[in-house]
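Each chain, letter by letter, is given below.
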Amino acid sequence: MNTESSDIAASTHPYDSLTPEVILDAMEDAGFEVSGRLFALNSYENRVYQVGLEEGPPVITKFYRPGRWSDAAIMEEHEFSLELQAADIPVIAPMIMENGESLGRHGDFRFAVFPQRGGQAPDTSITDTLYRLGQWLGQIHNLGATKSFQHRPGFDLVQGIQDHNALLIDGGWVSDDLRPAWDSLIPDLVRGCQQRIEEAGVVDTLRIHGDCHAGNILCRDETMLFVDLDDCRTGPAVQDMWLLLNGEATERGSQLGELLEGYEMFRDFNRRERHLIEPLRCYRQIAHCAWLARRWEDPAFPRFFPWFAQPRFWSDQVLALREQLSALQEPAISLPGQY
């Protein structure tokens, strides 16, 4: 049942060759005694499956998107996760396989295996939850600051916005009738981001989770688990905080205050990083659109994101970016007791 790399090359998309037989073969080659039970989990960038074993609970295996990360970049993700785990910080790190490695290879595919853990997203409306999340983020960042990534990206917000926008324009994704509004918004957004970045001044960067939203945290009873470090990168500490905030500015300020109360038990926080929140949000909005455009040749994307190619989506994006421009022009969110 081995898959030759030529089979992948002949496919419409590399993942077309990731059949159940290939998945189970890869797991067996890595030393796992599989039962044959296989269940696909929601994932678009990679392909993720629950795999049943002959003995013990099932495991989760992630097949990395071909061509996205180098082996060295994936290993930095694994090493960071394993360092955190060794420091008793609650993350789900990859399992070490029979050959002593955490990164498996099967044909042209690379994969990692993780223990299965249950839980639900944290309720960030509860102040104690934010406080505890802040405590763990402080410890994650303490360890993240002990060394640097060599093969994973950082953030260049302004250049990134411009590059993602160029991809959308060159690909013809923004319809002609919306181009005047879109083309006038982007320079204003770039200027707004530049101003906020200047207000932040020089900030430290370090190894961070990179995509620390509530969906990447599992809670069960009193336990919290940080999952999916696939987007870990070099960046400012606030990147791992702002995605946990929601509501109006005053609510987000209070939530950030709770996070920082826990965070600063373990690590100092440069409050000028608050000025980066709206540039980071702007970057994420445009990067998300570019991500969908870049992945459109993957058959899973038109199937799960059919609205992306519809005019309504792009008119909604113009409205969302206008709102983002207004947010960039407002003062940075205030912390309780700060004016």
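As a starting point, this report considers the structure included with it.

Here is what the cut-offs are and how they apply
- Residues numbered from 1 in each chain as written.
- Predicted model: local features only at pLDDT ≥ 70, side-chain atom pairs only at ≥ 80, totals over all residues.
- Heavy atoms only, no water.
- Helix = DSSP H or I, 4+ residues; strand = E, 2+ residues; numbered from the N terminus.
- Rg over C-alpha atoms; globule rule 2.2 N^0.38 Å.
- Buried < 20%, exposed > 50% of the residue type's maximum accessible area, 1.4 Å probe, protein only.
- Contact = heavy atoms within 4.5 Å.
- Areas by Shrake-Rupley, 256 points an atom, 1.4 Å probe, with all protein chains shown as cover.
- Salt bridge = Lys/Arg side-chain N within 4 Å of Asp/Glu carboxyl O.
- Pairing = 2+ DSSP bridges.

So, on to the overall build of the protein chain. Scanning the protein chain from terminus to terminus reveals eleven helices and nine strands. Scaling as 2.2 N^0.38, a compact globule of 339 residues should have a C-alpha radius of gyration of about 20 Å, and the protein chain matches this with 21 Å. Once the C-alpha set of the protein chain is aligned to its principal axes, its extents read approximately 60 × 50 × 35 Å. Burial analysis of the protein chain (339 residues in total) assigns 49% to the buried set. Partitioning the intrachain contacts of the protein chain with sequence separation of at least 6 by distance along the chain shows that 71% fall at a separation of at least 24. With the model as given, the accessible surface of the protein chain reaches about 16,200 Å², and the carbon-plus-sulfur share is 48%.

Moving on, we come to the pattern of salt bridges. One pass over the full model with this rule turns up 22 salt bridges. A salt bridge links Arg 191 to Asp 188; the nearest nitrogen and oxygen atoms lie 2.3 Å apart. Pair noted here: Arg 191 and Asp 188 are both in helix 6 (residues 179-200), with a separation of three residues, about one helical turn. Judged by its relative accessible area of 30%, Asp 188 is partly exposed. One continuous salt-bridge network, built from bridges that share partners, spans Glu 45, Arg 47, Lys 62, Arg 65, Arg 68, Glu 77, Asp 230, Asp 231, Arg 295 and Asp 298.

All right, on to the pairing of strand 7 (residues 217-220) then. Where strand 7 meets strand 8 (residues 223-226), four bridges bridge the pair, whose relative direction is antiparallel. Pairing of Ile 217 across the sheet is with Phe 226, part of strand 8. The antiparallel hairpin formed by strand 7 and strand 8 contains two residues in its connecting segment, where Asp 221 sits at a positive phi of about 55°.

Everything listed here is a matter of geometry and, on its own, says nothing about what the molecule does.
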